[in-house]
Structure formats: C-alpha cells, structure tokens
Amino acid sequence: MALLLSRWCAWNRRNCVAGGALSLFNGCWNRETPSAGLPPAREPGAHHRHALVKELHLHRRIYLNSTAYTKPGSWWRTPSRLMYTTRTKCCCNQVHSDKQYKNPYTLAQEDLKNLYDEIRRLLAVSSDLKDICDYYFDGKGKAFRPMIAVLMAKACNLHHSKSRKLLKSQHSIGMIVEMIHTASLVHDDVIDGSDTRRGKVTVNKIWGERKAILAGDFVLSAASVALARLGNNTVVSIFTRAIEDLVRGEFMQLGSKENENERFVHYLEKTFKKTASLIANSCKAVSILGNCDPDVQEIAYQYGRNVGIAFQLVDDVLDFTSCADQLGKPTANDLKLGLATGPVLFACQQFPELHTLIMRRFSADGDVDQAWQYVQQSDGVQQTCYLAHQYCQEAIRQISMLHPSPERDALIQLAEIVLTRNK
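Structure report, in brief. (Residues numbered from 1 in each chain as written. Predicted model: local features only at pLDDT ≥ 70, side-chain atom pairs only at ≥ 80, totals over all residues. Heavy atoms only, no water.)

Helix and strand counts for the chain stand at 19 helices and two strands. Out of the 423 residues belonging to the chain, those deemed buried represent 56%. Taking all contacts inside the chain whose residues are at least 6 apart in sequence as the whole, residues at least 24 apart take part in 75%. In the structure as shown, the chain presents an accessible area of about 18000 Å², 52% of it carried by carbon and sulfur atoms. (Helix = DSSP H or I, 4+ residues; strand = E, 2+ residues; numbered from the N terminus. Buried < 20%, exposed > 50% of the residue type's maximum accessible area, 1.4 Å probe, protein only. Contact = heavy atoms within 4.5 Å. Areas by Shrake-Rupley, 256 points an atom, 1.4 Å probe, with all protein chains shown as cover.)

Listed below in structure tokens is the structure:
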C-alpha cells in the first residue's frame, strides 16, 4: 500500500507541479498554470468534465491495482487484492510523516477564545430571535472553519512580512465564516427536516421551520454587515461567490445524474460548493487582507479547497461507519435523504443494481437497507477514504510552499486530523 500511495503521489506531484497535465486535486482543469484568482475549475466545461472523469478512472485503477471493472450483468467483480477485510473501517491514515506538529486547536485557542461572545454581540436583538440565534453559538462548537482562517492568516503573514500578528480584519473573517456556515446549517436542517444537529435538537424542531428560516436569514445578514465593514471590495466579492456556491450546491444536491461518470463529477462539484468553497474563500480572504502576493493567495485557496473536499468525503464515510452518538446525527442519514455520496457511488461500480436505487433516490420501501448492505459488501468506504487521502496530500503539498512557522505546521497537522476524525 505504501508503494501504491507513493506512486500515486509522485504521479500527481509530477503532473501538477509541471503544469502540463490535468490535476483533480489542485483545480488545474486545463493545461495552463492556474491564475492567482479563483480557479477555472469552478464552472468546468464539457472537456474539463471529461478530464475529471479520466482522473477518477485513474484513481480507481490505481486503488484497485486491477483492470477488472464491473461487467454488465455481473453480480460481483473479482475482489482486488488490496480490498480490506473489515469493510466498515475507514482506511484514512496519516498522510505526511511521523513528525510531531503543533496541535492546531491549541495554537488557535487564544485567538478564538472570545469568538462566540463576539458573534453573539453582533446578533444582539430582543425577543425570540435572539434565543434562536444564540442557540448554535453556545461556545461548544469546534470552530473548525475559524480555526483554519486564523492559522492561515498567521502563516501567510509570516511568509509575507515576517510577522505572525493577526490583523483585526483577519480575525473578523473567522467570525464571518462561522456565521455564514451556521446560517447554512439552519437552512439545511429545514430542507432536510432534520431533528438533530451536533447532538442537539435542531432549531426547526424547537421553534418551527418559519422562525428557523428567518433566523438563518438574520445571521446571514449580520455576517454581510460585518463583511461590509471590512471595506475590502475583493473580499466582499469572494464571500459573495462562496454564498452563491452554498445555494448552487444545495440545488445540485436535489438532483441526480443518469450517467455514472457525470454522477461522480456532479458529486465532487456539489461537495466543493456546499463545503469546500467557504473554507477555500475564507483562506484566500485572510491572505488578501494580509497583502500577500497572488501566488500566496492561490496557495491559501488551494489548501482550503482540498482540505474542505477531504473533510466532506470523510463526513460521507462516517455516515456509514460511525454510530449516531459519535456523529451527532443519525447514521445512514444521507441515504434516508435520497443522497448518493462517495461510498454509494463507488459501490455502484461493483453492484450495478444500485443504479436503479440511486435514480429513485432510495424512495421505495427497503431501498435504504438494501443500499446500506451493498456499501458494506463493497470497497466504497475504502475508495472514498483513499480519495480523501489524496486531497489531503495535495493540501499538504500546497501549504508546505509557505515559510516554516508553527501555524503552517499546524495546518499540516490539521490535514491529518481531518482524515482520522470519528465525528
């Protein structure tokens, strides 16, 4: 397996660094060097989609170390010699080295200790609206996105000006990204009809859907006001695109693709828009506010993009491997919502019978249980883990281009934590 991973990483590094081939992990959708602005991968055309499909097939061939794709009408292909015997165990392991890096949560703790108090002050209103808005900002969250923003800001500042001091505007990005993310969760829970979130009863179950939607809108408007106060039009534009991506990603999640290749591309685009775009753009925003060069801005963006996609891929795996107590929400929730995530899409290559279930969004009686069994009997979980592993490798490659600093090393460590988390 080590030889296999090193061979893949060498291939990806050679093609990406040289700028002469397509790369799934850094957003280089054509043969040109990516610009300092937003990557062209955001709205790929037909030939770009075709290139992504080719890379997905390459990923599968390397992972399986076999030319045996599922043949039409076959129930089960010959198992790969690399297939794990424990199918529900995530195969995500450390992706960098045994070197001990700074704990990212500890390193960012001082800068984030008053984060939720400051957010609640921004949302200071009377009546039920305040209670609803304060419900998720109770200080018990991990503040994953603000932590990345703070660490990236300091790493970029040191790279650019030799100073690790966090600017006030960069600190504000941490608050803004957490507010936008939380507002999107409130809206998601309404759309999905969720009863729990982060181990708590959802806002829509306590106060009702109408008040939940209005509360989410209010949090989003408060984030927009804080964003405008920064006085940086480029940063405002970046977050406008991130919010647009959140909406487009939600619409993409409501649809299905008939063609298997299009389905994978659709899934990865949706994953970027719903999860990774906000992280990537917040990383880019703090680098802009630190007056960093375009190359550094691109490094920050690509780190956030790759870590964000890996984070969601692992989240999709946990829906099949983690119990409800660990995950903070019911397991197999994605199947119940009619969503075909990475483990299901990979399992469909081994069990073509899943195609029918995917197209009707697991709506018939017994579909959820049947799809669950197919995933358990396939290597879909392992392949999704492996794909997340590659995204984290690219995130580490990107951030390693910055000058050494405790924050840079903590971001490397964070990529490893993303792969090994269990909730």
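Anyway, onward from the coordinates.
So, about the environment of N291. Of note, N291 is situated in the loop between α11 (260-289) and α12 (294-321). Among the residues examined, N291 registers a relative accessible area of 57% and is labelled exposed. For N291 and N157, which are 134 residues apart along the polypeptide, the C-alpha to C-alpha distance reads 8.4 Å.

Further remarks concern a nonpolar patch on the surface. The grouping of I191, V247, F251 and L254 at the surface amounts to a nonpolar patch, some 430 Å² of accessible area in total. Relative to the elements of secondary structure, L254 occurs in the loop between α10 (233-253) and α11. (Patch = residues over 30% accessible without salt bridge, like charges linked within 9 Å, V, L, I, M, F, W, Y side chains within 5 Å. Salt bridge = Lys/Arg side-chain N within 4 Å of Asp/Glu carboxyl O.)

So, about the packing of helix α6 (residues 144-161) against helix α19 (residues 406-420). Across the interface, α6 lies against α19 with an axial gap of 8 Å and an inter-helix angle of 150°. The angle between α6 and α19 falls in the class roughly antiparallel. Viewed along their axes, α6 and α19 form a crossing whose handedness is left-handed. Every residue of α19 that contacts α6 at F144, M147, I148, L151, M152, K154 and A155 is listed here: E407, R408, A410, L411, L414 and V418. (Axes fitted to C-alpha atoms, helices over the stretch in contact; angles between N-to-C directions. Parallel < 35°, antiparallel > 145°, perpendicular 65-115°, else oblique. Left-handed = near helix turned anticlockwise from the far one by under 90°.)

Time to look at α12. Under the 1.5 Å per step criterion, the end-to-end length of α12 is 40 Å for 28 residues, consistent within 8% with the ideal 40 Å. Within α12, 25 of the 28 residues are buried, leaving the element largely enclosed by the surrounding structure. (Expected span 1.5 Å × (residues − 1).)

Further remarks concern the nonpolar core. Generally speaking, nonpolar side chains in soluble globular proteins are found buried as a group. Judged by nonpolar contacts, the single largest core of 97 residues is most densely connected at F144, M152, F239 and Y303. The element contributing the most residues to this core is α12, with 14 residues. Not counting residues within four places of it along the chain, the set of residues in contact with F144 comprises Y105, I279, V307, F311, L414 and V418. Formed by eight residues, the second largest nonpolar core is a distinct cluster that contains Y135, Y136, A212 and A215. (Core = buried A, V, L, I, M, F, W, Y, C linked by side-chain atoms within 4.5 Å.)

Moving on: the packing of α10 against α11. Helix-helix packing: each pair is described by the crossing angle between the helix axes and the interaxial distance. At their nearest, the axes of α10 and α11 sit 8 Å apart, and the two run at 165° to each other. Considered as vectors, α10 and α11 are oriented roughly antiparallel to each other. Note on packing geometry: the crossing formed by α10 with α11 is left-handed. Residue composition of the contact of α10 with α11, by class: 11 nonpolar, seven polar and eight charged. (Nonpolar A, V, L, I, M, F, W, Y, C, P; charged D, E, K, R; others polar.)

It is worth spelling out the state of the cysteines at this point. A complete count under the given rule lists zero disulfides for this structure. This cysteine, C292, is not joined by any disulfide, and C156 carries the nearest cysteine sulfur, 4.6 Å off. Judged by its relative accessible area of 5%, C292 is buried. (Disulfide = S-S within 2.5 Å.)

Bringing the environment of L337 into the picture now. Examined against the element boundaries, L337 turns out to sit in the loop between α14 (333-336) and α15 (342-350). Residue classification places L337 among the partly exposed positions, given a relative accessible area of 25%. Residues L337 and D192 lie 145 residues apart in sequence; the distance between their C-alpha atoms is 6.9 Å. Setting aside its immediate chain neighbours within four residues, L337 contacts D192 and R361.

We describe a pair of aromatic rings using the distance from one ring centre to the other and the angle between the two ring planes. Enumeration over the complete set of coordinates arrives at seven aromatic pairs. On the basis of an interplanar angle of 25° and a centroid distance of 5.5 Å, the ring pair of F320 and W372 is categorised as stacked. Separated by 52 residues along the polypeptide, F320 in helix α12 and W372 in helix α17 (residues 367-377) bring together distant segments of the chain. Residue F320 is classed as buried on the basis of its relative accessible area of 4%. Each residue in the set Y135, Y136 and W207 is aromatic and connected to the rest through ring pairs, giving one cluster. Above the ring of F311, the side-chain terminus of R145 is found at 5.6 Å from the ring centroid. The ring of Y301 has K284 lying over it, and the distance from NZ or CZ to the ring centre is 5.9 Å. (Phe/Tyr/Trp six-rings, centres within 6.5 Å; stacked < 30°, edge-to-face > 60°. Lys NZ or Arg CZ within 6 Å of the ring centre and 35° of its normal.)

What follows concerns the pattern of salt bridges. Applying the stated rule across the entire model yields 17 salt bridges. Between D138 and K200 there is a salt bridge whose closest N-O contact spans 2.9 Å. Of this pair, D138 sits in the loop between α5 (128-136) and α6 while K200 sits in strand β2 (residues 200-201), placing them 62 residues apart in sequence. For D138, a relative accessible area of 29% puts it in the partly exposed group. Here K200 falls in the partly exposed class, since its relative accessible area comes to 22%. Note that K274 is salt-bridged to D188, the shortest N-O span being 3.5 Å. Here K274 is found in helix α11, whereas its partner D188 is found in helix α7 (residues 168-192), with 86 residues between them in sequence. Comparing K274 with D188, the two get one shared label, buried.

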